[in-house]
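# Observations on chain architecture
One letter stands for each residue in the lines below.
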Amino acid sequence: MSTMSMAAALNGALRNRMEADPKVLVMGLDVGKLGGVFRITDGLQKDFGEDRVIDAPLGESGIVGSAVGLAIRGYRPVCEIQFDGFVYPAFDQIVCQLAKFHNRSLGQVKMPVTIRIPYGGGIGAVEHHSESPEAYFAHTAGLKVVTCSNPSDAYWMLRQSIDCDDPVIFFEPKRRYWAKGDVDTDATPAALHKAHVVRPGRDATLVAYGPMVATALDAARAAAEDGSELEVIDLRSLSPIDTDTVVESVQKTGRLVVVHEASVTLGMGAEIAARVQERAFYSLEAPILRVGGFDTPYPASRIEEEWLPDVDRILDAVDRALSY
Amino acid sequence: MSLHGQVPPEPDLIQLLTPEGIRVEHPDFPLEITDDEITSLYRDLVLVRRFDAEATALQRQGELGLWASCLGQEAAQVGAGRALRSQDMSFPTYREHGVAWCQDVDPVTLLGMFRGVSLGGWNPNDNNFNLYTIVLGAQTLHAVGYAMGVVRDGAVGSGEKDRDTAVLAFFGDGASSQGDVNEAFIWAAAANLPVVFYCQNNQWAISESVERQSRVPLFQRASGFGFPGVRVDGNDVLACLAVSRRALDEARSGQGPTLIEAYTYRMGAHTTSDDPTRYRLTDELETWRLRDPIERVRAYLVREAGVGQDFFDSLDAESEALAERIREACRTLADPGPLSPFDHVYAEQTDELAGQRAGYADYLNSFEGAGH
């Protein structure tokens, strides 16, 4: 067991998988000498060589498109997209090519490609550097979509994603990169697509993922001071969704608030709300509420803290659910 | 002085067999080939055209939902396809039926996606022939990635004939405008990858002429990316073979990418859903008929190689037998089962999708007499 930042945990997972399997390659922009703009690949090129840690020409479609070709040849590429808002030039290669190839080959060619995307806001960045595009990918058959909220999950979930024989979109909450936590690299990890109850409670359920898990936990601590016990679930996997864990919680609490940074319309919260009302209709004591980004472009950074869901907006929704 | 000088003139085509069937030499592309080998190429061309015609007919009969004919492009495809070695990999668009033929892909396999019984339907590694790719140009990046793997596997420049591997990426004049194709050029050049980019300029991207895509001859684009480009008579199977062999050899030996522009003509419609009479003149088609890729080889075989009528009669019979086999096999291609969409979505099936599948199966079984 050691204490490390999420960035170090991700680096450790990459290093671990590269050591274990010579077919694992890392590719992206500035991932070599620089170690990536967030330093997640720091030192990897030095240790594994330019052949395996590849500074790509500047083109996201090329990064993912060539990963598809490498996978056909039997490689296991891990692509880094530098920022969330830069993934869109690769959209066709992800949703039309990568996601469908295994299916189109009748299961004869696997696409074990991991695409790491730092996502979300809160770092004072210029536009296109703070987005939450997860729903586009969770909507696409053939992809698996996961996101970590803490260093331990970062380590294990990235290892599991690289090991997975399907394409995995791996969202990294960039504003939590430097938060530290315990990582046990000898542990037996939970299943990749299992949600975690990270704080038990009886009065209402908060579902969050990625950067919002810490915020939801803060909200639950604040609510406890007011006498309400909130159960917090870290969803972890956005496709597939561990609906059972959410439903079990709501059957106990009767109330559900879903929190994410992405705009609420047609976001993960909409999907979770639909599933919960299908399966736990008679358990619900109040309408399911969503707390998320507004249906606007991600705002200029000087006002992002007001735009992003925070403890107060979460507690406001919890209050409405509790008082319904 | 104006910065805008004259646009360079259109170059001569590299040609080894004239439309009249006269064998000519090209100083840069010598081709040692026997008459038997030319006879074999002729057989390829004829059988590909017959298969293609049969597929068009099957669409007209309602057996296929769509067909993208390669009529007129047989030489461009067979010339390239026959230049491949068994270890080379090819990345087609959706019209490379002639390349598929050369790679021993059963024509019936190709019909699956056009009939609507599959979304692809073969293993690219079985015949080193990738799945057809419909989104234009996307496959050129797959070729680049594959070639990156080839280099990492040490299968370039080793000097071993059966080991060194080239990758042949097909696209068309329309796709040359796609970002992916241009990215593929950049990647292949920057990493000196063993990729041959093979552009069949068939003059038309559905209704848009090549002038809509480029103000320079397409092969000239390569120079801006830093690798050689050549234009070959795409209706001359010998020239296509010679130029492809040379470019593939250079790729295998580690000299990097080449762009080949096979200058040809789409004699048919874009697909069976298209109506070219709305956008091009019959005169143009007639001009290209005189450059037919098959007739010139036949003229050579009859006049110069002394191939007798027996051969042509027997090839006619072989063609008809092939067409009949394809016709029968197409009609008996089974529809996929209603639960088949759930297959192979993932290599590691999710509980969620397994649940959807089970729910749909129960629904189907709820009907009286359901046999699922």
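Residue indices follow the written sequence of each chain, beginning from 1 at its first position. For this description, chains carry letters from A and ligands carry numbers from 1, given in the order in which they are written. pLDDT decides what is reported in this predicted model: residues at 70 or higher carry local features, side-chain atom pairs at 80 or more are listed and counted, and totals for whole chains, interfaces and linings draw on all residues regardless.

### Observations regarding the overall build of chain B
Rules: The helix and strand labels rest on DSSP assignments: H or I over at least four residues marks a helix, E over at least two residues marks a strand, and numbering proceeds from the N terminus. As defined in this context, the radius of gyration uses C-alpha atoms, and a globule is described by 2.2 Å times the residue total to the power 0.38.
Tallying secondary structure elements over chain B gives 13 helices and seven strands in all. What you see for chain B is a C-alpha radius of gyration of 22 Å, in line with the 21 Å of a compact globule of 372 residues.

### Section: the overall build of chain A
Worth spelling out the cut-off: Partly exposed residues are those whose C-beta has more than 12 but fewer than 20 other C-beta atoms within 10 Å; with 20 or more the residue is buried, with 12 or fewer it is exposed, and the C-beta atoms are placed from the backbone.
On a plain count of helices and strands, chain A comes out with eleven helices and 14 strands. On C-alpha atoms alone, chain A measures out to a radius of gyration of 19 Å, which is about the 20 Å that the 2.2 N^0.38 rule sets for 324 residues. For the C-alpha atoms alone, the extent of chain A along its principal axes is close to 60 × 40 × 40 Å. Out of the 324 residues in chain A, the part that is buried amounts to 58%.

### Considering the interface of chain B and chain A
For the record, the criterion: A pair of residues counts as a contact when their C-beta atoms, built from backbone coordinates, are within 7 Å of each other. Polarity classes work like this: nonpolar for Ala, Val, Leu, Ile, Met, Phe, Trp, Tyr, Cys and Pro, charged for Asp, Glu, Lys and Arg, and polar for all others, with Gly in that last group.
Contacts between the two partners involve 34 residues from chain B, matched on the other side by 36 residues from chain A. Among the elements of the structure, helix H5 (124-127), helix H6 (138-152), helix H7 (179-190) and helix H13 (351-365) of chain B are those that each provide at least two residues to the side of chain B that touches chain A. Across the side of chain B that touches chain A, the residue classes tally to 17 nonpolar, ten polar and seven charged.

### Here's the deal with the domain arrangement of chain B
The cut-off we apply is this: Source of the domain bounds: an automatic or database domain assignment.
Entries for chain B in the domain assignment read domain 1 (35-331) and domain 2 (337-372). Taken over C-alpha atoms, the centre of domain 1 of chain B sits 38 Å from the centre of domain 2 of chain B.

### Examining unusual backbone geometry
All names here are of chain A. The linkage connecting Ser239 with the following residue, Pro240, adopts the cis geometry, with an omega of -5°. By the element assignment, Pro240 lies in the loop between strand E12 (237-239) and helix H8 (243-253). We note that Leu266 has phi near 60°; this positive angle belongs to a residue other than glycine. Position of Leu266 relative to the elements: it lies in the loop between strand E13 (256-263) and helix H9 (268-279).

### So, the packing of helix H2 (residues 74-81) of chain B against helix H9 (residues 237-252) of chain B
All names here are of chain B. Spelled out, the test is: In this description, a line fitted to the C-alpha atoms serves as the axis of each element, helices being fitted only across the stretch in contact, and the angle between N-to-C directions of two axes falls anywhere from 0 to 180 degrees. By the definition used in this description, the sense in which the near helix is turned from the far one sets the handedness, with an anticlockwise turn below a right angle giving left-handed and a clockwise turn giving right-handed.
Put simply, H2 and H9 touch, their axes get as near as 7 Å, and they point 35° apart. The handedness of the crossing between H2 and H9 is right-handed. For the pair formed by H2 and H9, the contact residues are Ala75, Ala76, Val78, Gly79 and Ala80 on the first element and Val237, Cys240, Leu241 and Ser244 on the second. Looking at the contact of H2 with H9 residue by residue, the class counts come to seven nonpolar, two polar and no charged.

### A look at the sheet that holds strand E10 (residues 204-208) of chain A
Within a sheet, neighbouring strands are paired by backbone hydrogen bonds and run either parallel or antiparallel to one another. Residues and elements named next belong to chain A. To keep it simple, the criterion reads: Note on pairing: two strands pair once DSSP finds at least 2 bridges between them.
In space, the five strands of this open sheet follow the order E9-E11-E10-E13-E14, with mixed pairing throughout. The open sheet is flanked by strand E9 (196-199) and strand E14 (289-293), the only strands paired with a single partner. Within the sheet, the average angular offset between the axes of one strand and its neighbour, ignoring direction, is 25°. As paired strands, E10 and E13 are joined by three bridges and run parallel to one another. Bridge pairing in E13 places Thr205 opposite Leu256. Helix-sheet contacts for H9 involve E10, E13 and E14, and the interaxial angle to E13 is about 155°.

### A word on the domain arrangement of chain A
All names here are of chain A. Splitting chain A by domain gives domain 1 (2-183) and domain 2 (196-322). Computed from C-alpha coordinates alone, the two centres of domain 1 and domain 2 are separated by 26 Å. Residue-level contacts link 24 residues of domain 1 with 21 residues of domain 2. No other element matches the four residues that strand E6 (residues 144-147) contributes to the side of domain 1 that touches domain 2. For the side of domain 1 that touches domain 2, a count of residues per class yields nine nonpolar, eight polar and seven charged.

### So, the nonpolar core
Using the following cut-off: Each nonpolar core reported here comprises buried Ala, Val, Leu, Ile, Met, Phe, Trp, Tyr and Cys residues connected via C-beta atoms within 7 Å.
Leu206 and Val257 of chain A together with Val167, Leu168, Ala169, Val195 and Ile260 of chain B are the most contacted members of the largest nonpolar core, which has 193 residues in total. Once you skip the residues sitting within four places of it in the chain, Leu168 of chain B turns out to touch Ala80, Leu84, Asp88, Ser90, Phe91, Val196, Tyr198 and Leu248 of chain B.

### Concerning H9 of chain B
All names here are of chain B. Worth spelling out the cut-off: The span one expects for a helix is its residue count, reduced by one, times 1.5 Å.
Helix length check: H9, at 16 residues, gives a terminal C-alpha distance of 22 Å against a target of 22 Å (1.5 Å per residue), a fit within 8%. Counting buried residues along H9, twelve of its 16 residues qualify, which places the element largely inside the surrounding structure. Burial in H9 covers these residues: Val237, Leu238, Ala239, Cys240, Leu241, Ala242, Val243, Ser244, Ala247, Leu248, Ala251 and Arg252. Gly254 sits one or two residues past H9 and shows a positive phi near 95°.

### So, the sheet that holds strand E3 (residues 195-201) of chain B
Residues and elements named next belong to chain B. Taken in spatial order, the five strands of this open sheet run E1-E2-E3-E7-E6, and their pairing is parallel. At either margin of the open sheet sits one strand with a lone partner, and together these are strand E1 (89-91) and strand E6 (229-233). Averaged over all adjacent pairs, the angle separating strand axes in this sheet is 20°, with direction ignored. Bridging between E1 and strand E2 (residues 167-172) involves three bridges; their strand directions are parallel. Each residue of the ladder has a partner; that of Phe91, found in E2, is Ala169. Taken strand by strand, H9 contacts E2, E3, E6 and strand E7 (258-263), and its axis lies near 170° from that of E7.

### Description of the environment of Ala138 of chain A
Residue and element names in this part refer to chain A. By the secondary structure assignment, Ala138 is in helix H5 (residues 134-138). Sequence separation of Ala138 and Gly267 is 129 residues, and the distance between their C-alpha atoms is 9.5 Å. If near-sequence neighbours (up to four positions away) are discounted, Ala138 is found in contact with Val145, Leu238, Ser239 and Met268.

### Things to note about the confidence of the model for chain B
Stated formally: Scored from 0 to 100, pLDDT records how confident the predictor is in each individual residue.
When the pLDDT values of chain B are averaged, the result is 96; 98% of them are 70 or greater. Two numbers describe this predicted complex: its pTM, 0.97, and its ipTM, 0.96.

### Some thoughts on helix H1 (residues 6-20) of chain A
The end-to-end C-alpha distance of H1 of chain A is 21 Å, a good match for the 21 Å that 15 residues give at a rise of 1.5 Å each. All of the buried residues in H1 of chain A are Met6, Ala7, Ala8, Ala9, Leu10, Asn11, Ala13, Leu14, Arg17 and Met18 of chain A.

### Section: the pairing of strand E2 (residues 24-28) of chain A
All names here are of chain A. Of all the five residues making up E2, five are buried; the element is thus mostly covered by neighbouring parts of the structure. On E2, burial covers both faces: Val24, Val26 and Gly28 on one face and Leu25 and Met27 on the other are all buried. Where E2 and strand E3 (residues 53-55) come together, three bridges link them in parallel fashion. Paired with Val26 across the bridge in E3 is Val53.

### Observations regarding the environment of Met267 of chain B
When you line up the elements, Met267 of chain B lands in the loop between E7 and helix H10 (282-289). Of the residues examined, Met267 of chain B has 20 C-beta atoms within 10 Å and is grouped as buried.

### A look at the environment of Val198 of chain A
Residues and elements named next belong to chain A. Secondary-structure assignment places Val198 in strand E9. Residue Val198 is classed as partly exposed on the basis of its C-beta count, with 19 C-beta atoms lying within 10 Å. Expressed as a C-alpha distance, the spacing of Val198 and Glu231, which sit 33 residues apart in the sequence, is 7.7 Å. Not counting residues within four places of it along the chain, the set of residues in contact with Val198 comprises Val213, Leu217, Val232 and Asp234.

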